[in-house]
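One letter stands for each residue in the lines below.
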Amino acid sequence: MRLPALPAAALLAAAAFPAPPDLLLAEVMPPDLNPAAYLVSEKFDGVRAYWDGRALWFRGGGRIPAPAWFLERLPPVPLDGELWMGRGRFEELSGEVRREQPREDAWRRIRYLVFELPGAPGPFEARARAIEALVARVGWPQLEAVAQTRVKDRAELQARLRDVLKAGGEGLMLHRADAPYATGRSDALLKLKPLLDAEAVVVGHIPGKGRLAGLVGALEVETPEGRRFRIGSGLTDALRKNPPALGATVTYTYRGLTRTGLPRFPAFLRLRTMP
């Protein structure tokens, strides 16, 4: 049975969020974790999108300028998920979902992958089943339930990770099967990637030397905790000529922390484009 669509006028009249939506955020999976109590899914390299039943919102709080026909197909209940175009297409997707005038052909290729029912009762395992049932009732190929499965031990989890990475994926997410709905950063939701990543704010441009003379050699960045360090790896020549502006937020990868708590081998991954 198809769920009723909301009128386009009601969608467009949704009030602006006074603050970013309060969402569940993942912690990094500890290496000694027993994953048997978790449901495991692929970590998609998409754009986080919160649907409040009337409008679609970025994680940062701005409204996503999706076309009316896309919004009208979404059910009138809150959803949390990722807008996605396919593996390795984050930059293309990020540009498309931020266009003030959405392009019809692009949005026909964008899917909304749902992994949570905000505020719904019961443990996550029950909510995951409810998501599957809801998506089945809607019956629209661009709305998908993220597949959630169990693994018996760390060996099976690592095998699953290898399969996802081999297929071009980014990593895995683990959500405690018995966890009630919650918001904020929590170990009820964990991420597993071959490289860790985090965000920091650009506070300085370090001049390059030698081959990089006249260019930016590294970005000086500051973490939310106030720790400063430099990112030189991962910057293309184009970025060294035209680096992210002071105050911009960048995502970087790293391999654990040093004894002083700074990221080990940080490398630039991408500029976080704000809505």
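Residues numbered from 1 in each chain as written. Predicted model: local features only at pLDDT ≥ 70, side-chain atom pairs only at ≥ 80, totals over all residues. Heavy atoms only, no water.

*Asks:* Please set out unusual backbone geometry residue by residue, giving values where relevant.
*Replies:* Even without being a glycine, Phe265 presents a positive backbone phi close to 55 degrees. Within the fold, Phe265 resides in the loop between β13 (249-254) and β14 (267-271). (Helix = DSSP H or I, 4+ residues; strand = E, 2+ residues; numbered from the N terminus.)

*Asks:* How would you sum up the pairing of strand β11 (residues 216-222)? Please name residues and give values.
*Replies:* Counting buried residues in β11 gives five out of seven residues, a clear majority hidden from the surface. As defined by bridge partners, strand β10 (residues 196-207) adjoins β11 across six bridges and the pair is classed as antiparallel. Across the sheet, the residue bridging to Val202 is Val221, located in β11. Pairing between β11 and strand β12 (residues 228-231): four bridges, direction antiparallel. Directly across from Val221, in β12, lies its bridge partner Phe229. Following β11, the chain reverses through five residues before pairing antiparallel with β12; Gly226 in that reversal takes a positive phi of roughly 90 degrees. (Buried < 20%, exposed > 50% of the residue type's maximum accessible area, 1.4 Å probe, protein only. Pairing = 2+ DSSP bridges.)

*Asks:* Talk me through the sheet that holds β12; I want residue IDs and the actual numbers.
*Replies:* Strand pairing within a sheet occurs via backbone hydrogen bonds; the two strands may be parallel or antiparallel. Spatial strand order, β12-β11-β10-β13-β14: five strands in an open sheet with antiparallel pairing. Since the sheet does not close on itself, it has two edges, and those belong to β12 and β14, each with one partner. Averaged over all neighbouring strand pairs, the angle between strand axes comes to 45 degrees, with direction disregarded. The sheet contact formed by β10 and β13 spans six bridges and is antiparallel. (Axes fitted to C-alpha atoms, helices over the stretch in contact; angles between N-to-C directions.)

*Asks:* Outline the nonpolar core, listing residues and values.
*Replies:* Counting 29 residues, the largest nonpolar core has Leu56, Phe70, Leu74, Leu83, Val97, Trp107 and Tyr112 as its most contacted members. Among the secondary structure elements, those contributing two or more residues to this core are β3 (47-51), β4 (56-58), α2 (68-72), β5 (79-84), α3 (90-97), β6 (111-116) and α5 (124-138). Per element, the largest residue contribution to this core is four residues, and it comes from α5. When neighbours within four sequence positions are excluded, Val97 is seen to be in contact with Val47, Phe58, Ile64, Pro65, Leu83, Trp107 and Ile110. (Core = buried A, V, L, I, M, F, W, Y, C linked by side-chain atoms within 4.5 Å. Contact = heavy atoms within 4.5 Å.)

*Asks:* Break down the packing of aromatic side chains for me, citing the residues and quoting the values.
*Replies:* All told, the structure shown has six aromatic pairs when counted by the stated rule. A centroid spacing of 4.8 Å and a plane angle of 70 degrees characterise the contact between Phe44 and Trp84, whose relative ring orientation is edge-to-face. Residue Phe44 is found in the loop between β2 (38-43) and β3, and its partner Trp84 is found in strand β5; the two are separated by 40 residues along the sequence. Centre to centre, the rings of Phe70 and Trp107 are 4.9 Å apart; their planes meet at 70 degrees, and the pair counts as edge-to-face. Here Trp107 lies in helix α4 (residues 104-107) and Phe70 lies in helix α2, a separation of 37 residues in the sequence. In this pair, the class of Phe70 matches that of Trp107, namely buried. Among the aromatic residues, those joined into a cluster by ring pairs are Trp69, Phe70, Trp107 and Trp140. Lying over the aromatic face of Tyr38, Arg176 brings its terminal NZ or CZ to 5.5 Å of the ring centre. Note that Arg270 overlies the ring of Phe90, its terminal NZ or CZ placed 3.9 Å from the centroid. (Phe/Tyr/Trp six-rings, centres within 6.5 Å; stacked < 30°, edge-to-face > 60°. Lys NZ or Arg CZ within 6 Å of the ring centre and 35° of its normal.)

*Asks:* Report on the pattern of salt bridges, specifying residues and quantitative values.
*Replies:* In the structure shown here, the tally under the stated rule is 18 salt bridges. When the shortest N-O distance is used, the salt bridge between Asp178 and Arg176 registers 2.9 Å. Each of the salt bridges in this network shares a partner with another, and the network as a whole consists of Lys43, Glu170, Lys191, Lys193 and Asp197. (Salt bridge = Lys/Arg side-chain N within 4 Å of Asp/Glu carboxyl O.)

*Asks:* Give a detailed account of the side chain of Arg270, specifying residues and quantitative values.
*Replies:* Along the polypeptide, Arg270 turns up in strand β14. Buried charge Arg270 goes without a salt bridge, the closest partner of opposite sign being Glu170 at 4.5 Å. Apart from the residues within four sequence positions on either side, Arg270 is in contact with Phe90, Glu91, Val250 and Thr251. (Lys, Arg positive; Asp, Glu negative; His and termini not counted.)

*Asks:* Tell me what's going on with the sheet that holds β5, and back it up with residues and numbers.
*Replies:* Reading across the sheet, the five strands line up as β4-β3-β5-β6-β7 and stay open at both edges, with mixed pairing between neighbours. In the strand order of this sheet, the two ends are held by β4 and β7 (143-145), each with one partner. The sheet shows a mean angle of 35 degrees between the axes of neighbouring strands, taken without regard to direction. Relative to β6, β5 runs antiparallel, the two sharing five bridges. Following the sheet pairing, Leu83 is matched in β6 by Tyr112.

Take it as geometry only, folks, not as evidence of what the structure does.
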